[in-house]
2 protein chains.
Amino acid sequence: MRQFVFEDITADEVARRAELYTPLTNSVRELVDATIRTEVDPDTIGAARELIDRATALLRAQQCDGPHGVRYTADGTGMPWGNPAIGIRNAIAPPMVVTRDGDHRRVADVVLGAAYEGPPGLVHGGICALLLDHILGEAASAMTGTLTLRFERATPLGPVHLEAAVTGTDGRKKTVRGSLSDADGITVTAEGIFIMPRTFDDPEGSP
Amino acid sequence: MRQFVFEDITADEVARRAELYTPLTNSVRELVDATIRTEVDPDTIGAARELIDRATALLRAQQCDGPHGVRYTADGTGMPWGNPAIGIRNAIAPPMVVTRDGDHRRVADVVLGAAYEGPPGLVHGGICALLLDHILGEAASAMTGTLTLRFERATPLGPVHLEAAVTGTDGRKKTVRGSLSDADGITVTAEGIFIMPRTFDDPEGSP
C-alpha cells in the first residue's frame, strides 16, 4: 500500500510543477475528445496513433513506480494531482476546481464535454456521481461511508455547478449534503455519511 | 438535443470500426497513465506535448459535430462508444466490458490503474460509483432515478469484479442491486431505482 507522501518543497516549486504539468494534461484532454469524435480515415488514425505512442514513450522514460499517490508539502499543501475528479495531471478529470466557502462548504463550476456523455447529449449519471462523491468528500475532509444520489432530471452536457456542505457531525462521522445543477436548477441531489480517517498515515484505518 | 442515431451498417462494418478505434483509444489510455506518472524533464514534456497536439490536429481534421451520441445499427446493435464507463472510443473508460447473464443480470471484470486512484493506492469512491451506476443501469436497461452506495471498505487499485441484477419491477421503475468486489470480497454495495425511458426518441421523457 502506497502511503501519503510528504515532499519538502516550496510553494514556488509547487507552482512551477503545476505550470509544467497543466498544459501537458490539457493537451491529453483535447486528444481524448478528438479520439471520441474523429471521423478521419484509417491511415490518418494510424499516423495519429504513432505520434501518441511516441509521446507515451518519451514520458515513460522516467516515471514513478505505481500510481501517483497523494503528495503533501511540508506545510500541508496537498497535491492530489492524479485524482480522476480534480487531478491536474489526470486527463480523466475535467478537472473540477473546488473552491472553499468556509470550513465545511465547497462549490465548483465545471464544463462537461463529449468525454462525459451517457445518453445522447446528457451527462452520464455515474459522472454526476463521481463529481458529487468527490465534492462531498472534500467538504467533509473524509472518505465516503454511504452516498445516496437522487436524479431529479437529466443533466445536459455543458456547464454545471456543484455544491456540498457538512450538515452534521457525530464522532468520526459527518453528514454531508450537496447538489449538481445546470442553468435551470438542480438536476441531482446527494447525501452521504463520510468517515474521517484515524490518521493520515493509516488510510486503511477508515472504512 | 442530439438524439439516438440509427446507422444502416452491417455487423462486419461494426466490427471493422471497433478494430479501427480500439487500438487508438488504448494508445490514448497508455498516454493518460504516462501523463500522471511521468518524471521526465520539462524539455521532454514539451516534446511529448508537441507530438500529442499533432495527433489531435490529425484526428480533428474531420470529426463529428458535438458529442458522439449513442448509435444503433438497423438491427439494434448499440454502439455507445463515447461512454465514459464502457466506451471503446473513450479513453476515460477502463473500458468496463459488461457481460449479460440472462435478461436482468450483468457482470464485469475490470482492472483499475493509476488513472482511477483517489486515496493513495485505492480506487476513488466516485469511480466505484461511476462503474456501479453504469452496470446497474445496464441490468435495468434504464436511467438512474436514485442510487445508494455503501462503502464497506476501501477498494485497492487492481482487478475488481462487478455484478448487478434487477430485483423488482413496478411499472416503469426497476429496483436493481449490485456490488463491486476485490479478491477478498465485496467492497461496495449499490441499490438503485431505475426508470425506463418512455421511448428511444424521447430520452428527456425519463427523469
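Structure: above.
These remarks concern the structure in this document. It should be emphasised that the depicted structure is a prediction, and the values quoted were computed from it without experimental measurement. (Residues numbered from 1 in each chain as written. Chains lettered and ligands numbered in written order. Predicted model: local features only at pLDDT ≥ 70, side-chain atom pairs only at ≥ 80, totals over all residues. Heavy atoms only, no water.)

All names here are of chain B. Inspection of the secondary structure assignment puts Ser141 in the loop between helix H3 (125-140) and strand S6 (143-151). Taking the C-alpha atoms as reference points, Ser141 and Asp75, 66 residues apart in sequence, are found 17 Å from one another. Here Ser141 is in contact with Met196 and Pro197, once residues within four sequence places are set aside. (Helix = DSSP H or I, 4+ residues; strand = E, 2+ residues; numbered from the N terminus. Contact = heavy atoms within 4.5 Å.)

Now for the sheet that holds strand S1 (residues 5-7) of chain B. Residue and element names in this part refer to chain B. The strand order across the open sheet built from three strands is S1-S2-S3, with neighbouring strands paired in mixed fashion. Of all the strands in the sheet, just S1 and strand S3 (78-79) have a single pairing partner and so form its edges. Bridge count between S1 and strand S2 (residues 71-73): three bridges; the pairing is parallel. Note that in S2 the partner of Phe6 across the bridge is Tyr72. (Pairing = 2+ DSSP bridges.)

Residues and elements named next belong to chain A. Of all 10 residues in strand S8 (residues 173-182), seven are buried, a share of seventy percent or more. In textbook terms, the turn of a hairpin is the stretch between consecutive antiparallel strands, and for strand S7 (residues 158-170) and S8 this stretch comprises two residues, one of which, Gly171, has a positive phi near 65°. In this sheet, strand S9 (residues 185-195) lies alongside S8 in antiparallel orientation, the contact comprising 10 bridges. Within the sheet, the bridge partner assigned to Gly178 lies in S9 and is Ala190. What sits between the antiparallel neighbours S8 and S9 is a turn of two residues. (Buried < 20%, exposed > 50% of the residue type's maximum accessible area, 1.4 Å probe, protein only.)

What relates the pair of chain copies is a rotation about an axis plus a shift along that axis. Structural alignment of chain A on chain B gives an RMSD of 0.0 Å, achieved by rotating through 180° and translating 0.0 Å along the axis. The symmetry that links the two subunits is that of a two-fold axis. Relative to the rotation axis, the closest C-alpha in chain A is found at Thr148 of chain A, a distance of 2.1 Å. (Least-squares fit on C-alpha atoms with pLDDT ≥ 70 in both.)

The subject of this paragraph is the interface of chain A and chain B. On the side of chain B, 87 residues touch chain A, which itself brings 87 residues to the contact. Taken together, the two surfaces of chain A and chain B that pack against each other cover about 8,000 Å², and 66% of this comes from carbon and sulfur. Our count for the contact surface shared by chain A and chain B stands at four salt bridges. For Asp33 of chain B, the salt bridge identified is with Arg60 of chain A, shortest N-O distance 2.9 Å. At the surface where chain A touches chain B, the tally comes to 39 residue pairs in polar contact (both at pLDDT 80 or more). Every element with two or more residues in the side of chain A that touches chain B is listed here: helix H1 (11-37), helix H2 (42-60), helix H3 (125-140) and strand S6 (143-151) of chain A. (Buried area = accessible area lost by both parts, 1.4 Å probe. Salt bridge = Lys/Arg side-chain N within 4 Å of Asp/Glu carboxyl O. Polar contact = N/O pair within 3.5 Å; in protein donor to acceptor, adjacent residues only side chain to side chain.)

Time to look at the packing of H2 of chain A against helix H1 (residues 11-37) of chain B. Taken N-terminus to C-terminus, the directions of H2 of chain A and H1 of chain B make an angle of 20°; their axes are 9 Å apart at the nearest point. On the basis of the axis angle, H2 of chain A is roughly parallel to H1 of chain B. As H2 of chain A packs across H1 of chain B, the resulting crossing turns out to be left-handed. Taken together, the residues of the contact of H2 of chain A with H1 of chain B sort by class into 12 nonpolar, three polar and seven charged. (Axes fitted to C-alpha atoms, helices over the stretch in contact; angles between N-to-C directions. Parallel < 35°, antiparallel > 145°, perpendicular 65-115°, else oblique. Left-handed = near helix turned anticlockwise from the far one by under 90°. Nonpolar A, V, L, I, M, F, W, Y, C, P; charged D, E, K, R; others polar.)

In this section: the pattern of salt bridges. Residues and elements named next belong to chain A. On inspection of all chains with the given rule, the structure shows 24 salt bridges over all chains. A salt bridge links Arg37 to Asp33; the nearest nitrogen and oxygen atoms lie 2.9 Å apart. Here Asp33 and Arg37 lie together in helix H1, a separation of four residues that amounts to about one turn. Arg37 sits in the buried class, given a relative accessible area of 14%. Note on Asp33: relative accessible area 16%, which makes it buried. The partner of Asp182 in a salt bridge is Arg153, and the shortest N-O contact between them spans 2.7 Å. A residue pair is termed long-range when its members are at least 10 positions apart, and Asp182 in strand S8 and Arg153 in the loop between S6 and S7 qualify at 29 residues. Each member of the salt-bridge network shares a partner with another, and the members are Glu7, Glu13, Arg16, Arg17 and Arg71.

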